[in-house]
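# Residue-level structure breakdown
These are the residues of each chain, in order.
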Amino acid sequence: MHVPSPSSRSRQRIYLSLWDLFWAAASPLLALHLRDPGILFRPDWPPVVEYWLLSVGFAVVAFYAFKIQDNITRHFSAHEAIDIVETVLFVELMTFISLFALNRFDGIPRSIPLSHGVLLAAGLFAVRILFRIVSPENDPPREYRLCGDRMILI
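Residues numbered from 1 in each chain as written. Predicted model: local features only at pLDDT ≥ 70, side-chain atom pairs only at ≥ 80, totals over all residues. Heavy atoms only, no water.

### Overview of the overall build of the chain
- In terms of regular secondary structure, the chain is built from 5 helices and 0 strands.
- If you list the helices and strands of the chain from N to C, you get α-α-α-α-α.
- Burial statistics for the chain: of 154 residues in total, 33% are counted as buried.
- Sequence separation of at least 24 residues holds for 83% of the intrachain contacts in the chain that already meet a minimum separation of 6.
- Here the chain has roughly 10,500 Å² of accessible surface; of this, 68% comes from carbon and sulfur atoms. (Helix = DSSP H or I, 4+ residues; strand = E, 2+ residues; numbered from the N terminus. Buried < 20%, exposed > 50% of the residue type's maximum accessible area, 1.4 Å probe, protein only. Contact = heavy atoms within 4.5 Å. Areas by Shrake-Rupley, 256 points an atom, 1.4 Å probe, with all protein chains shown as cover.)

Shown next as structure tokens:
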């Protein structure tokens, strides 16, 4: 079995949950559709595409930066819930600031960040709670070497 090097230059593994990626891509479109059902089929679609691309891009960056994929385990605690809320706030703030700087939310309703944030958080919480319900209780705990953090002591 190959054990990764403990040095600071060892390779980082990019690992994201498929459900999180799917929900990051679907939730902005669902939020737009719930706010205005015809917005996705209007001829002026570039603002919708800009919003979708920014939202999905910042969501993927936030999922990797906040490492919320590590929280899909047998146990779900308040710390994981706070991590999800922080991730959703980061996604919404960065999307809002970027979209406002680019086109002043032209063509996108102003309430979309709030509804998208609620939908994104609800989907992320739902999959973790569902996994907790479906997961058998007799799963062995994760191996210590796989979940340890790398540190450099000086």
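### What to know about unusual backbone geometry
- The residue R104 is not glycine, and still its phi comes out positive at about 55 degrees.
- For R104, the position within the fold is in the loop between α3 (78-103) and α4 (112-134).
- Positive phi is not limited to glycine here, since F105 has a value of about 60 degrees.
- Position of F105 among the secondary structure elements: in the loop between α3 and α4.
- Residue class for F105 comes out buried when judged on its relative accessible area of 1%.

### Examining α4
- The end-to-end C-alpha separation of α4 is 32 Å, in line with the 33 Å expected for 23 residues at 1.5 Å each.
- Listed as buried for α4 are I112, P113, H116, G117, L119, L120, A121, G123, L124, V127 and R128.
- At its buried positions, α4 is contacted by α1 (18-35), α2 (46-66) and α3. (Expected span 1.5 Å × (residues − 1).)

### Things to note about the confidence of the model for the chain
- Scored by pLDDT, the chain comes out at a mean of 82, with 77% of its residues at no less than 70.
- When pLDDT is averaged over each element of the chain, α1 comes out on top at 94 and helix α5 (residues 144-147) at the bottom at 52. (pLDDT = per-residue confidence, 0-100.)

### Things to note about the packing of aromatic side chains
- Tallied over the entire structure, the rule returns 5 aromatic pairs.
- An angle of 15 degrees between the planes, with centres 5.6 Å apart, marks the rings of W19 and W23 as stacked. Taken together, the residues span about one helical turn, with W19 and W23 both in helix α1 at a distance of 4 residues.
- Looking at W19, the relative accessible area reads 31%, which means it is partly exposed.
- Classification of W23 by relative accessible area gives buried; the value is 13%.
- Ring geometry for F96 against F100: centres 6.1 Å apart, planes inclined by 15 degrees, an arrangement best described as stacked. (Phe/Tyr/Trp six-rings, centres within 6.5 Å; stacked < 30°, edge-to-face > 60°.)

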